[in-house]
Amino acid sequence: MKYIIGLGNPGIEYESTRHNAGKIVLGLLKELYSSKKVTYIEQDTFMNHSGNAVKKLITSKKKAAGLVVIYDDLDLPVGKIKISFNKSSGGHKGVESIIKQVKTLEFIRIRIGIGKGKNPQKHIMENFKPEEMKILKKLSKKIAEALEIIVEEGWEKAASLYSNLEV
């Protein structure tokens, strides 16, 4: 079983922000990919408390290995993704919260590029531009393909085919 969460903040004021890239993609994935082997986790907490959204489902290291966390990454350009496993949070507060709650680094990450902008703190809270949202929708189709490979063949194969992919 794979547990998929897209990180973001609740509330209409955050709905289309770059920091909500994970949550936006999760919504699109639910339309693009369904499987009995996947449980989508709806997050109703703020980003810095993302671990609270997974702690009831992810109760062991084995279950954590099936967790897929989708989130924004300032260090990647818009339209690019990276898939990894067993990495640090890289300073991402939502991922830090999950690590703290599940007590392991051993889970899958799908990082979505949002670019840096001149002021990174301001940039993450800005809405995606319409052309960027189109890119995110195209990217979601590729993430759905990668997710199917993660479920059926493992994260390593998905990472080899889809990491550094840019649309």
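In the block above lies the structure referred to throughout.
The following refers to the structure shown. Please read these numbers as outputs of a predicted model, since none were measured by experiment.

Calculation rules
Residues numbered from 1 in each chain as written. Predicted model: local features only at pLDDT ≥ 70, side-chain atom pairs only at ≥ 80, totals over all residues. Heavy atoms only, no water. Buried < 20%, exposed > 50% of the residue type's maximum accessible area, 1.4 Å probe, protein only. Helix = DSSP H or I, 4+ residues; strand = E, 2+ residues; numbered from the N terminus. Arc of directions from axis to C-beta. Contact = heavy atoms within 4.5 Å. Phe/Tyr/Trp six-rings, centres within 6.5 Å; stacked < 30°, edge-to-face > 60°. Lys NZ or Arg CZ within 6 Å of the ring centre and 35° of its normal.

### Some remarks on helix 7 (residues 155–162)
Thought 1: For helix 7, the complete set of buried residues consists of Ala158, Ala159 and Tyr162. Looking straight down helix 7, one finds that the buried residues subtend no more than 100° of arc, so they occupy a single side.
Thought 2: Looking at the packing, one finds that the buried side of helix 7 touches strand 4 (81–85) and helix 6 (130–153).
Thought 3: One or two positions beyond helix 7, positive phi appears at Asn164, with a value near 70°.

### Remarks on the packing of aromatic side chains
Thought 1: Inspection of the entire model under this criterion finds 2 aromatic pairs.
Thought 2: Between Phe85 and Trp155, the ring centres sit 5.5 Å apart and the planes meet at 20°, which makes this aromatic pair stacked. Taken as a pair, Phe85 in strand 4 and Trp155 in helix 7 lie far apart in primary sequence, 70 residues in all.
Thought 3: Judged by its relative accessible area of 24%, Trp155 falls in the partly exposed class.
Thought 4: The ring of Phe107 carries the charged tip of Arg109 above its face, separated from the ring centre by 3.9 Å.

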